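# Breakdown of the fold
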Amino acid sequence: MCEIFGISANFPCVINDYLKTFYSHSSLHPHGWGLAYRAEENSSALKIYKGKEPAFKSKYLDEKLSEPVVTDLALAHIRYATIGNVEFKNCHPHKKADRLGHQWTLIHNGTIFDFKPLDKFISYQSGDTDSERILLYIVDEVNKKQGQLYRGLSPQERFMLIDEII
């Protein structure tokens, strides 16, 4: 299975040492890597970097980690493919905007079997992982809820909806 890493801090900090330690496990998870982090404080936008090669072989990741990664919010992923080919489009994190333009980002560890609501997203996804379908399902549910309310969701409403989905 994959491994995931996350950090949410009260203030921006340099996370390179944490990331280097995390990515050092990639020989056991050789099917790609990803990193998403907030580069500007109080921004909702995440910068996303990823590759289909093992993290320990990625010159792109080495270059990224040679400069300080300063953030208060980050997600990282190393992939062990159980569903989906070893391709760039299957590497996490996945991102998708809802109908109001709010960006949603997902990393996932595990395999989802026999959850019929995900099936309809097979033809919409760019890759072939259950993880991407999960994100498409979540964003679809967010769009439905926003449509019912005729407005965007508050942070508390988003949290409650995600809790309900999970």
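Procedures and definitions
- Residues numbered from 1 in each chain as written.
- Predicted model: local features only at pLDDT ≥ 70, side-chain atom pairs only at ≥ 80, totals over all residues.
- Heavy atoms only, no water.
- Helix = DSSP H or I, 4+ residues; strand = E, 2+ residues; numbered from the N terminus.
- Buried < 20%, exposed > 50% of the residue type's maximum accessible area, 1.4 Å probe, protein only.
- Pairing = 2+ DSSP bridges.
- 1 Å grid on protein atoms, 1.4 Å probe; cavity = no way out; pocket = protein on both sides within 12 Å on 5 of 7 lines; lining within 4 Å.
- Points joined across faces, edges and corners; volume = space filled by probe spheres on them.
- Nonpolar A, V, L, I, M, F, W, Y, C, P; charged D, E, K, R; others polar.
- Phe/Tyr/Trp six-rings, centres within 6.5 Å; stacked < 30°, edge-to-face > 60°.
- Lys NZ or Arg CZ within 6 Å of the ring centre and 35° of its normal.

### Looking at unusual backbone geometry
Of the consecutive residues His92 and Pro93, the connecting peptide bond is found in the cis state with omega at 5 degrees. By the element assignment, Pro93 lies in the loop between strand S4 (70–78) and strand S5 (94–97). The backbone of Asp114 sits at a positive phi, close to 50 degrees, despite the residue not being glycine. Checked against the element boundaries, Asp114 lands in the loop between strand S6 (103–106) and helix H3 (130–149). A relative accessible area of 73% means that Asp114 is categorised as exposed.

### Digging into the pairing of strand S2 (residues 33–37)
S2 sits mainly inside the fold: 5 of its 5 residues count as buried. The two faces of S2 match: Trp33, Leu35 and Tyr37 on one face and Gly34 and Ala36 on the other face are all buried. Where S2 lies against strand S3 (residues 47–51), 5 bridges are found, and the strand directions are antiparallel. Of the residues in S3, the one forming a bridge with Tyr37 is Lys47. Bridge analysis of S2 against S4 gives 5 bridges, and the strand direction is antiparallel. Along S4, the bridge assignment pairs Gly34 with His77.

### Re the layout of surface pockets
As a volume, the largest pocket reaches approximately 890 Å³. In this structure, the largest pocket is lined by 27 residues; those nearest its centre are Trp104, Thr105, Leu106, Ile138 and Ile162. Mapped by element, the contributors of at least two residues to the lining of the largest pocket are S4, S6, H3 and helix H4 (155–165). Of the residues belonging to the lining of the largest pocket, the class tally is 20 nonpolar, 5 polar and 2 charged. In this structure, the second largest pocket spans a volume of roughly 180 Å³. Lining the second largest pocket, in full, are Glu141, Lys144, Lys145, Gln148, Leu153, Glu157, Met160, Leu161 and Glu164. Contributing elements (two or more residues each) for the lining of the second largest pocket: H3 and H4. Here the lining of the second largest pocket is composed, by residue class, of 3 nonpolar, 1 polar and 5 charged.

### A short note on the packing of aromatic side chains
What the rule picks out here adds up to 8 aromatic pairs. Here the aromatic rings of Tyr37 and Tyr49 are separated by 6.0 Å at their centres, their planes lie at 20 degrees, and the arrangement is stacked. Separated by 12 residues along the polypeptide, Tyr37 in strand S2 and Tyr49 in strand S3 bring together distant segments of the chain. With relative accessibility at 14%, the residue Tyr49 sits in the buried group. Here the aromatic rings of Phe115 and Tyr137 are separated by 5.6 Å at their centres, their planes lie at 90 degrees, and the arrangement is edge-to-face. Taken as a pair, Phe115 in the loop between S6 and H3 and Tyr137 in helix H3 lie far apart in primary sequence, 22 residues in all. Note on Phe115: relative accessible area 35%, which makes it partly exposed. On the basis of relative accessible area, Tyr137 is assigned to the buried category, the value being 15%. When the ring centre of Phe88 is taken as reference, the NZ or CZ atom of Lys50 above it lies at 5.5 Å.

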